[in-house]
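Chain by chain, the residues:
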Amino acid sequence: MTQHIIPGSPPIVVMVRHSKQARRISLRVSRLDGKVTLTVPRGVSDREAMGFASEKQSWLRRQLQQQPELVTVAQGGVVPVAGRERRVVAGAGRSVVLGQDEIAVPGRPEHTARRVQGFLKELARHRLSEAVDHYAARLGTMPTRLTLRDTRSRWGSCSSAGALMFSWRLVMARPEVLDYVAAHEVAHLKEMNHSQAFWDVVTGLYGPYEAERGWLRTDGQQLHRYRFEAAS
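Given the structure is predicted, the values throughout are model-derived calculations rather than measurements.

To continue, consider the pattern of salt bridges. Inspection of every chain in the model, using the stated rule, returns four salt bridges. Asp101 is paired through a salt bridge with Arg84; the nearest N and O atoms lie 2.8 Å apart. One end of the pair, Asp101, is in the loop between strand S8 (97–98) and strand S9 (102–105); the other, Arg84, is in strand S7 (residues 84–90), with 17 residues separating them in the sequence. Under the relative-accessibility criterion, Arg84 is labelled partly exposed at 35%. A salt bridge links Glu110 to Arg108; its shortest N-O distance comes to 2.6 Å. On the basis of relative accessible area, Glu110 is assigned to the partly exposed category, the value being 31%.

Have a look at this one:
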């Protein structure tokens, strides 16, 4: 990919991606990080493609203005855990401690973000493992493996070999949301599809799921606002 700039206030960075499969020029603004990608079919020059992007400048700026503000996790800031915002404060001892309204992080401030991220990943592994074990036992089967990733396009997945994968950021959402995603992926151990039979299994395991599924669609991307790079 090559990078181009549309001048203005502020300037817009556009990543141009050439694709053999593309049949037309397309422009996309990521809902996760505001990255602008211009996909260009074979035979179209960057100059022509950027002319197309420049014509769409007003639309691009509207889309970028609607992007959620990114939040860098640091002492004094907040981070959601189990659907509740916790203030990040300095802690004593060696371990991160989760309280009702705070998350206490010992050590040097520049390591705070990394330590919070590590804590959330371990908490996610614990809570997802519990939820998966619960639903899998009810279904009478068990996954072959459980892994966590920081996925952008999906909250969970189930492979044909029975391996489950989840986004560790689910631990930041309400517990009901995490439980629903766990039940959803466990249901795939029986129905590797999204047929009515699959949704019947989800309902049998979890119960009514429309509210949790709807929240993920409308608000779930907010969990990706939080950045865990060390503050400089």
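This model, assessed by the stated rule, comprises five aromatic pairs. When the centroid spacing of 4.9 Å and the interplanar angle of 75° are considered together, the rings of Phe198 and Trp199 count as edge-to-face. With 4.9 Å between their ring centres and 25° between their planes, Trp199 and Tyr209 make a pair best called stacked. Here Trp199 is found in helix H5 (residues 196–206), whereas its partner Tyr209 is found in the loop between H5 and helix H6 (210–218), with ten residues between them in sequence. What makes Trp199 buried here is its relative accessible area of 11%. Connected via pairs of aromatic rings, a cluster forms that spans Tyr180, Phe198, Trp199, Tyr206 and Tyr209.

The subject of this paragraph is the nonpolar core. Formed by 48 residues in total, the largest nonpolar core has its most connected members in Val79, Val116, Leu120, Phe166, Leu170 and Phe228. Looking at this core, the elements with two or more residues in it are strand S6 (78–81), S9, helix H3 (112–139), strand S10 (145–149), strand S12 (163–167), helix H4 (175–187) and H5. Ranked by the residues each element gives to this core, the list is headed by H3, at eleven residues. Ile12, Val14, Leu38 and Val44 belong to the second largest nonpolar core, which has 15 residues in total.

The next point concerns the pairing of S6. A regular strand places its side chains so that they alternate between the two faces of the sheet. Across four bridges, S6 lies against S7 in antiparallel orientation. Bridged to Pro80 within S7 is Glu85. Counting the residues between successive antiparallel strands, the hairpin from S6 to S7 contains two residues, one of them, Ala82, with a positive phi of roughly 55°.

Further remarks concern the packing of H4 against H6. Where H4 meets H6, the axes come as close as 9 Å, and the angle between the chain directions of the two elements is 100°. One finds that H4 runs roughly perpendicular with respect to H6. Packed against H4, whose contacting residues are Glu176, Val177, Tyr180 and Val181, the element H6 presents Glu212, Arg213, Trp215 and Leu216 at the interface. In the contact of H4 with H6, the residues fall into five nonpolar, no polar and three charged.

Calculation rules
- Residues numbered from 1 in each chain as written.
- Predicted model: local features only at pLDDT ≥ 70, side-chain atom pairs only at ≥ 80, totals over all residues.
- Heavy atoms only, no water.
- Salt bridge = Lys/Arg side-chain N within 4 Å of Asp/Glu carboxyl O.
- Helix = DSSP H or I, 4+ residues; strand = E, 2+ residues; numbered from the N terminus.
- Buried < 20%, exposed > 50% of the residue type's maximum accessible area, 1.4 Å probe, protein only.
- Phe/Tyr/Trp six-rings, centres within 6.5 Å; stacked < 30°, edge-to-face > 60°.
- Core = buried A, V, L, I, M, F, W, Y, C linked by side-chain atoms within 4.5 Å.
- Pairing = 2+ DSSP bridges.
- Axes fitted to C-alpha atoms, helices over the stretch in contact; angles between N-to-C directions.
- Parallel < 35°, antiparallel > 145°, perpendicular 65-115°, else oblique.
- Contact = heavy atoms within 4.5 Å.
- Nonpolar A, V, L, I, M, F, W, Y, C, P; charged D, E, K, R; others polar.

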